[in-house]
Amino acid sequence: MRYILTPREALGSPAAGGKARALAAAERAGLPVPAWFVLSSDAHGHTLTPEVRAHLSSAVSQLSPNDEQVAVRSSASDEDGVEHSFAGQLESFLGVRPADVPEKVMAVWQSGFTDRIVAYRREHGLPGAPRPPAVLVQRMVHARAAGVAFSADPVSGRRGVAVVSAVGGLGDALVSGAADADTWLVDRRGAIVDRRTASGRRTLSDEEVREVAALARRAERHFGRPQDIEWAIDAQRIWLLQSRPITSLTSRSDPDATLTIWDNSNIVESYSGVTTPLTFSFAREIYQHVYEQFCRLMGVPERVIAAREDVFRNMLGLVRGRLYYNLLNWYRVLALLPGYQVNRRFMEQMMGVKEPLPDVLSEEISRGGGNRLLDAVHLGRTLVGLVGNHFTLRRRVLAFYDRLNDALARPDPPLEDRRPDELVAHYRDLRKRLLLAWDAPLVNDFFAMMFYGVLRRLAGTWCGDREGALQNDLIAGEGGMVSAEPALRLRRLATLAVTDPALLQALTSSPGDEIGVAIERVPAFKQEYRAYLDKFGERTVNELKLESATLHDDPLPLLRAIGALGAQLSNPAAAAATVSGERLRADARAKTDRALAGHPLRRLVFNWVLRHARTRVRDRENLRLERTRLFGRVRRIFLELGRRLHAVNVLDDPRDVLYLEVDEILAFVDGRATTADLRGLAAVRRAEFSRYEREPAPDDRFETRGPLYYGHDFRRAAPVASDAGDERRGLGCSPGIVRGAVRVVVDPTSVDLQQRSILVAEHTDPGWIMIFPAALGVLVERGSLLSHAAIVARELGIPAVVSIPGLTRWLRDGDVVEFDGSTGVVRRVAETTLKGGPTEQHA
């Protein structure tokens, strides 16, 4: 058995230990390493038998023929690894006489089995008992200066800064902490950007500092990761004594890397919880193309759009399976249009972004976006685009409806009868005719943002609206808003159900098949119910997620909601008055008339802005239903493709198609896929996304530097709001003062609201409309004044407050609160339960 290993033999030998293998690799790469050999860990089992001693003595004689001193150091199997360094845990000896090497070898072996080592392994989750360490014997460098160097800053995490620390003489005093070091920071160009002198004398020249930093970076390039090296300088050169990974950087981001701000303030309303790869890849492409198209419509030159391709491609991100806005890119797109400094405030209001962009970042984006650098022709062209789109918007909306209805006509042959290539062709046709021609909703959304933002500002400055709620009342009761129609239809269905006690009982508690039998006995209800499904069958919770079940798939949540509302209507004592949107509008109009009396020019401008704000907000909500229809068709296409792939054993389950990206599916059908193993790909993703379901969700807003998926914990830097206290303030969006018990709702499809309560939710989407009519009031942790919950609550006259920090941590089922839907103030009152059932509500 060989006990002595040369550098060449140690390179691939587990018995050489981590430190020796690293030195062998460094020496092979041409780095300056003093001569050495390693006593294999296999020798430990024989202790220092005469045979082992003989081998050791021969190797020492060859290493030190003139009886020079050597260094005896540990080289344990786990030592100097990527995850664990074992720094300082085992013994090392410097200046050892050749005759004393066997004694020091025994001491190194013994240090590998101390309580300290056992505790270190336990603390770092390393299994089993420690293996015997190998022992490295190295020619001693008689150093005039020595120390450590890091190819990246282990304290700040900056990858572009090397850290050099030095002391006079041997470096053991620095490593042990017995001496303070002189320290330099060196950037990638070799410039010394900082120096801290502790010794009172100059340990290294600037040139030597740069050479040590360069040595650390050479080690990093060879090993492929940032390195922590020990080095020494003698009369001849700089020597590398040890190189190991900087383990602390594996979980750190680089603070010099590009800043990204992630925020899901508004998008969580459409994509809550974990979202599948199919949905994300579909949404990612849509956002890219529709906002490129929007900029073209607004007159932004094609060369400017092309130069910002990466901005448009990265409007969204997926973090632990959750969708987020890449917020800075939204500002960068907005900066391509005139009026960026004003419009960014309006965008923040529309998106419900609670934290405005810092002015420094905003100025940087404004300059990068180019508004101030645009030439007169570019600026004029964009302004013309704005004006032109304003005056042609109504015609554009009508044309969009015609195009949508034609594209979404009943498919012939039906989707379930089509081959995979025919399904792909149908998807591409929809993509070309609609997804890449989504002009009217985009332009309308932009003008809704602008007019609503201007209206809010004028209501505050000209009409003295201190609470910021007047503009909400002014746009209430517009009529023709399809978002409120499901609630009105639900009320009609509940009223019809009350006339038949057997049907009402079935709706509240019977299985789905028994409800179907009961519906057949009430023709008027059956007709109204079928009409609801025909128009709103795709409008469900998380309706934009392709994995969501629609009301066509499972109508039971709708039927239960009708039953709960019917139970309330059959109990007059539990009913409470609401304030109609028309009354809110009339009262608000009277306030503005009084404020603008005697100011005819202001009145003219205010009325013009108000008229357009009402129209644009109404059309914004109505066009969202059309988006739901399109997504419903896309959902059916890909689920049918999943069935085809399952039928030919490409997928284990038809719904595994949800764990593939859109283009991976299309490429498989086209014959340009990079892998044909869709089953394996889906299985890997399914396991990963299942883990995301179990893990804590990232915060609603956080920052990252550089690559997103490592070195970050996805938590915001600022602390979250405390759960203590009895008052919160959000955005009042639908007036009325209400007092009652709360019901915290996570899943609106399974909640029982037969007892009228105040609905409390982290966020809502259009699918929640099924339970709004049964709610006494609505409190939402997320959202904006233009979110779906805010608009529908105003139309239905239900008091509501959105954007309440920490709401769902603060309140629990049964807590009693009183809130004002105008001011946004929510107070938790002393009682823990309500007596007498009904609650108070008044305007």
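Residues numbered from 1 in each chain as written. Predicted model: local features only at pLDDT ≥ 70, side-chain atom pairs only at ≥ 80, totals over all residues. Heavy atoms only, no water.

Student: When you look at the overall build of the chain in this model, what are you seeing that I'm missing?
Tutor: Counting its regular elements, the chain contains 28 helices and 24 strands. Looking at the chain as a whole, 55% of its 843 residues qualify as buried. Contacts in the chain between residues far apart in sequence, at least 24 positions, make up 70% of those at least 6 positions apart. Carbon and sulfur atoms make up 51% of the accessible area of the chain, which totals about 36,300 Å². (Helix = DSSP H or I, 4+ residues; strand = E, 2+ residues; numbered from the N terminus. Buried < 20%, exposed > 50% of the residue type's maximum accessible area, 1.4 Å probe, protein only. Contact = heavy atoms within 4.5 Å. Areas by Shrake-Rupley, 256 points an atom, 1.4 Å probe, with all protein chains shown as cover.)

Student: Could you clarify how one ought to interpret the packing of aromatic side chains in this entry?
Tutor: Aromatic ring pairs are defined here through the distance separating the ring centres and the angle between the ring planes. Counted under the stated rule, the structure contains 20 aromatic pairs. Consider the rings of Phe-400 and Trp-438, whose centres lie 4.9 Å apart with planes at 90 degrees: the pair is edge-to-face. Note that Phe-400 is positioned in helix H14 (residues 376-407) and Trp-438 in the loop between helix H15 (420-435) and helix H16 (439-461), a separation of 38 residues in sequence. Across this residue pair, the class does not change: Phe-400 and Trp-438 are buried. The cationic tip of Lys-104 hangs over the ring face of Phe-93; the distance from NZ or CZ to the ring centre is 4.8 Å. A cation sits over an aromatic face here: Arg-691 above Tyr-692, 5.6 Å from the ring centre. (Phe/Tyr/Trp six-rings, centres within 6.5 Å; stacked < 30°, edge-to-face > 60°. Lys NZ or Arg CZ within 6 Å of the ring centre and 35° of its normal.)

Student: Any chance you could explain the pairing of strand S8 (residues 182-187) here in plain terms?
Tutor: Looking along a regular strand, one sees side chains alternate from face to face of the sheet. Among the six residues that make up S8, six are buried, leaving the element largely enclosed by the rest of the structure. Along S8, one buried face is formed by Asp-182, Trp-184 and Val-186 and the opposite face, lined by Thr-183, Leu-185 and Asp-187, is buried too. With six bridges joining them, strand S7 (residues 161-168) and S8 adopt antiparallel strand pairing. Bridge pairing links Val-164 to Trp-184 in S8. Pairing analysis gives four bridges linking S8 to strand S9 (residues 192-196), with the strands arranged antiparallel. Residue pairing for S9: Leu-185 is matched across the bridge by Asp-194. (Pairing = 2+ DSSP bridges.)

Student: Could you clarify how one ought to interpret the sheet that holds strand S13 (residues 316-319) in this entry?
Tutor: One open sheet accounts for four strands, arranged S13-S14-S12-S15; its pairing is antiparallel. Looking along the sheet, the strands with just one partner apiece sit at the ends: S13 and strand S15 (701-705). For this sheet, the mean inter-axis angle between neighbouring strands, taken without regard to orientation, is 40 degrees. In this sheet, S15 lies alongside strand S12 (residues 259-263) in antiparallel orientation, the contact comprising five bridges. Looking across to S15, one finds that Trp-262 is bridged to Phe-702. On the sheet, helix H8 (residues 277-297) packs against S13 and strand S14 (322-326) and is oriented at approximately 160 degrees with respect to S13. Sheet strands in contact with helix H11 (residues 327-334) are S12, S14 and S15, and its direction is about 40 degrees off that of S14. (Axes fitted to C-alpha atoms, helices over the stretch in contact; angles between N-to-C directions.)

Student: I'm lost on the side chain of Thr-540 in this one. Help?
Tutor: Mapped onto the secondary structure, Thr-540 falls in the loop between helix H21 (523-536) and helix H22 (556-569). Excluding residues that lie within four positions of it along the chain, Thr-540 makes contacts with Ala-549, Thr-550, Leu-551, Asp-765 and Gly-767.

Student: Sorry if this is basic, but what is going on with the nonpolar core here?
Tutor: The tendency in soluble globular proteins is for nonpolar side chains to be buried as a group. Counting residues in each nonpolar core, the largest one holds 133 residues, and the members touching the most others are Phe-282, Tyr-287, Tyr-291, Tyr-427, Leu-759 and Phe-772. Not counting residues up to four positions away in its chain, the partners in contact with Phe-282 are Tyr-427, Leu-435, Leu-546, Phe-631, Val-634 and Val-662. (Core = buried A, V, L, I, M, F, W, Y, C linked by side-chain atoms within 4.5 Å.)

Student: Just checking my understanding: could you explain empty space enclosed by the protein for this structure?
Tutor: Take a probe with the size of a water molecule and roll it over the atoms, and the empty space left behind shows itself. What the rule picks out here adds up to seven cavities of 30 Å³ or more. For the largest cavity, the calculated volume is near 750 Å³. What lines the largest cavity is a set of 34 residues, among which Tyr-287, Tyr-291, Leu-442, Asp-445 and Arg-627 lie closest to the centre. Split by residue class, the lining of the largest cavity holds 27 nonpolar, two polar and five charged. (1 Å grid on protein atoms, 1.4 Å probe; cavity = no way out; pocket = protein on both sides within 12 Å on 5 of 7 lines; lining within 4 Å. Points joined across faces, edges and corners; volume = space filled by probe spheres on them. Nonpolar A, V, L, I, M, F, W, Y, C, P; charged D, E, K, R; others polar.)

Student: Would you take a moment to explain helix H19 (residues 501-509) for this structure?
Tutor: Residues lying three or four places apart along an α-helix face the same way, a consequence of the helix completing one turn every 3.6 residues. Here H19 has its buried residues at Leu-503, Leu-504, Ala-506 and Leu-507. Along the axis of H19, the buried positions cluster into a sector of 160 degrees, meaning they face one direction only. Looking at the buried residues of H19, the elements they touch are helix H18 (485-498), helix H20 (512-520), H21 and H22. (Arc of directions from axis to C-beta.)

Student: What exactly am I supposed to notice about the pattern of salt bridges here?
Tutor: If the charged atoms of two oppositely charged side chains come close together, the side chains can form a pair. This structure, assessed with the given rule, holds 60 salt bridges. Residues Arg-739 and Glu-818 are paired through a salt bridge, measuring 3.7 Å at the closest nitrogen-oxygen approach. Here Glu-818 lies in strand S22 (residues 816-820) and Arg-739 lies in strand S18 (residues 737-744), a separation of 79 residues in the sequence. Shared partners join several salt bridges into a network, and the residues in it are Asp-263, Glu-355, Asp-700, Arg-701, Arg-716, Glu-762 and Arg-782. (Salt bridge = Lys/Arg side-chain N within 4 Å of Asp/Glu carboxyl O.)

Student: Mind showing me how you'd approach the packing of H15 against helix H25 (residues 662-670) here?
Tutor: For any two helices packed against each other, the geometry is given by the interaxial angle and the distance between the axes. It is the contact of H15 with H25, at a shortest axis distance of 10 Å, that shows an interaxial angle of 135 degrees. Compared by their axis directions, H15 and H25 come out oblique. Pair H15 / H25 crosses with left-handed handedness. Seen from H15, the contacting residues are Pro-420, Asp-421, Val-424, Tyr-427 and Arg-428; seen from H25, they are Val-662, Leu-666, Val-669 and Asp-670. (Parallel < 35°, antiparallel > 145°, perpendicular 65-115°, else oblique. Left-handed = near helix turned anticlockwise from the far one by under 90°.)

Student: Is there a simple way to think about the sheet that holds strand S1 (residues 4-5) in this case?
Tutor: In any sheet, the strands associate via hydrogen bonds between backbone groups, in a parallel or an antiparallel arrangement. Spatially, S1-S2-S5-S3-S4 is the arrangement adopted by the five strands of the open sheet, whose pairing is antiparallel. A strand with exactly one partner marks an edge of an open sheet, and here the two such strands are S1 and strand S4 (92-96). Both strand S3 (residues 70-75) and strand S5 (residues 134-139) contribute to a ladder of six bridges, which runs antiparallel. Across the sheet, Arg-73 pairs through a bridge with Leu-136, a residue of S5. Docked against the sheet, helix H4 (residues 101-111) engages strand S2 (36-39), S3, S4 and S5, running at close to 25 degrees with respect to S3.

Student: Would you take a moment to explain the environment of Ala-198 for this structure?
Tutor: With respect to the helices and strands, the residue Ala-198 is situated in the loop between S9 and helix H7 (206-223). For the pair Ala-198 and Thr-183, spaced 15 residues apart in the sequence, the C-alpha separation amounts to 8.0 Å. Those residues in contact with Ala-198 that lie beyond four places of it in its chain are Asp-180, Ala-181 and Asp-182.

Student: Is there a simple way to think about the confidence of the model for the chain in this case?
Tutor: Interpretation of this model should avoid reading the predicted coordinates in detail wherever pLDDT is low. Here the chain averages 86 in pLDDT, while 89% of its residues score no lower than 70. Model confidence for the chain, summarised as mean pLDDT per element, is weakest for strand S24 (residues 840-842) at 50 and strongest for H25 at 98. Confidence over residues 80-88 falls short of pLDDT 50; this stretch has 31 contacts with residues more than four positions distant or in other chains. Here residues 369-375 is a poorly scored stretch, pLDDT under 50, and it has 16 contacts once near neighbours within four places are set aside; other chains count. (pLDDT = per-residue confidence, 0-100.)

Student: Just checking my understanding: could you explain a nonpolar patch on the surface for this structure?
Tutor: Together, Leu-601, Leu-604 and Val-605 make up an exposed nonpolar region whose accessible area comes to about 300 Å². Mapping Leu-601 onto the fold places it in helix H24 (residues 600-647). (Patch = residues over 30% accessible without salt bridge, like charges linked within 9 Å, V, L, I, M, F, W, Y side chains within 5 Å.)

Student: Help me out: how do you make sense of unusual backbone geometry in this one?
Tutor: Phi is mostly negative for residues that are not glycine, and the peptide bonds are mostly trans. The linkage connecting Asp-412 with the following residue, Pro-413, adopts the cis geometry, with an omega of 5 degrees. Looking at where Pro-413 falls in the secondary structure, it is placed in the loop between H14 and H15. A positive phi angle, near 65 degrees, is found at Asp-67, a position not held by glycine. Overall, Asp-67 belongs to the exposed group, its relative accessible area being 55%. Backbone geometry places Phe-714, a non-glycine residue, at a positive phi of 60 degrees. With respect to the helices, strands and loops of the structure, Phe-714 is situated in the loop between S15 and strand S16 (727-729). By relative accessible area, which is 7% here, Phe-714 ends up buried.

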